[in-house]
Amino acid sequence: KNQVEQSPQSLIILEGKNCTLQCNYTVSPFSNLRWYKQDTGRGPVSLTIMTFSENTKSNGRYTATLDADTKQSSLHITASQLSDSASYICVVILFSGGYNKLIFGAGTRLAVHP
Amino acid sequence: SAVISQKPSRDICQRGTSLTIQCQVDSQVTMMFWYRQQPGQSLTLIATANQGSEATYESGFVIDKFPISRPNLTFSTLTVSNMSPEDSSIYLCSVGYGRGYTFGSGTRLTVV
């Protein structure tokens, strides 16, 4: 069964600290993996897109890693800011029947406190 | 990337009524997607809307409850019909472009 599991479910950190969010998946055939940030009351916004051959990709203070062998990804946030408070969703894309299908994780709800 | 304008952003509706949600895209796209996000949960695909053909619904979603229109390549609507409190959710539209997917800002629906 195609599944994406994220941990932790929620996380509270102090402003300026780093944190790492985890994503494990059992999706086949794998096409690519994306991390999205969803602010409360808003739609998801793309942070990174990673293909099978990419191990690390950065977008400012966000760094995503991918281990295609173990089917794990992580999102590392450096020097957190209050504006980083949001849900972070891991999405794995599989290509089947001529179409992409998006498999969503349940998200990690991050709260950054001053 | 494509830019999506979704409205309304939120609404409170009476049980038994219907609400139509609109999504306008700033460029022509072949496929548009409609999702539901229940409180504290991730996104669930409702249907895929293709221009010129009937929408394709996922398991658990039916056209009578969630009729979709796709009159052209830049616009789509989703109607939530005969609403009950269980329909209280965020509804989002999405489009694919190149290697990316863009989401609308969502419609927060509360049914009372």
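Provided above is the structure to which this section pertains.
Owing to the predicted nature of the structure, the values given are computational and were not obtained by experimental measurement.

Draft legend 1. Quick peek at unusual backbone geometry. With an omega dihedral of -10°, the bond running from Ser7 of chain A to Pro8 of chain A counts as a cis peptide bond. Mapping Pro8 of chain A onto the fold places it in the loop between β1 (3–7) and β2 (10–14). Note the cis peptide between Lys7 of chain B and Pro8 of chain B, where omega equals 0°. Inspection of the secondary structure puts Pro8 of chain B in the loop between β1 (4–7) and β2 (10–13). Although it is not a glycine, Ala79 of chain A sits at a positive phi angle of roughly 45°. Relative to the helices and strands, Ala79 of chain A resides in the loop between β8 (72–77) and β9 (86–96). Of note in this structure, Asn82 of chain B is not a glycine but carries a positive phi near 45°. Relative to the helices and strands, Asn82 of chain B resides in the loop between β8 (75–80) and β9 (89–97).

Draft legend 2. Examining the environment of Val29 of chain B more closely. Residues and elements named next belong to chain B. Here Val29 is to be found in the loop between β3 (19–25) and β4 (31–37). Exposure remark for Val29: the relative accessible area of 5% places this residue in the buried category. Sequence spacing of Val29 and Phe75 is 46 residues, and the spatial spacing of their C-alpha atoms is 9.1 Å.

Draft legend 3. The sheet that holds strand β7 (residues 68–72) of chain B, seen in detail. All names here are of chain B. Spatial strand order, β1-β3-β8-β7: 4 strands in an open sheet with antiparallel pairing. The sheet terminates laterally at β1 and β7, the two strands that pair on one side only. For this sheet, the mean angle separating the axes of adjacent strands, direction not counted, is 15°. With 4 bridges connecting them, β1 and β3 associate as antiparallel partners. Following the sheet pairing, Ser5 is matched in β3 by Gln24.

Draft legend 4. Here's a closer look at the interface of chain A and chain B. On the chain B side, the residues contacting the 19 residues of chain A number 15 residues. Both faces combined, the contact of chain A with chain B buries some 1,400 Å², and carbon together with sulfur accounts for 53% of it. The largest share of the area that chain A buries against chain B comes from Pro44, Leu102 and Phe104 of chain A, three residues that together contribute 29% of it. The tally of links between chain A and chain B comes to 1 salt bridge. Among the salt bridges present, the one from Lys101 of chain A reaches Glu58 of chain B, with a minimum N-O distance of 3.7 Å. Per-element accounting of the side of chain A that touches chain B gives the leading share, 5 residues, to strand β10 (residues 99–104) of chain A. Residue composition of the side of chain A that touches chain B, by class: 9 nonpolar, 7 polar and 3 charged.

About the cut-offs
- Residues numbered from 1 in each chain as written.
- Chains lettered and ligands numbered in written order.
- Predicted model: local features only at pLDDT ≥ 70, side-chain atom pairs only at ≥ 80, totals over all residues.
- Heavy atoms only, no water.
- Helix = DSSP H or I, 4+ residues; strand = E, 2+ residues; numbered from the N terminus.
- Buried < 20%, exposed > 50% of the residue type's maximum accessible area, 1.4 Å probe, protein only.
- Pairing = 2+ DSSP bridges.
- Axes fitted to C-alpha atoms, helices over the stretch in contact; angles between N-to-C directions.
- Contact = heavy atoms within 4.5 Å.
- Buried area = accessible area lost by both parts, 1.4 Å probe.
- Salt bridge = Lys/Arg side-chain N within 4 Å of Asp/Glu carboxyl O.
- Nonpolar A, V, L, I, M, F, W, Y, C, P; charged D, E, K, R; others polar.

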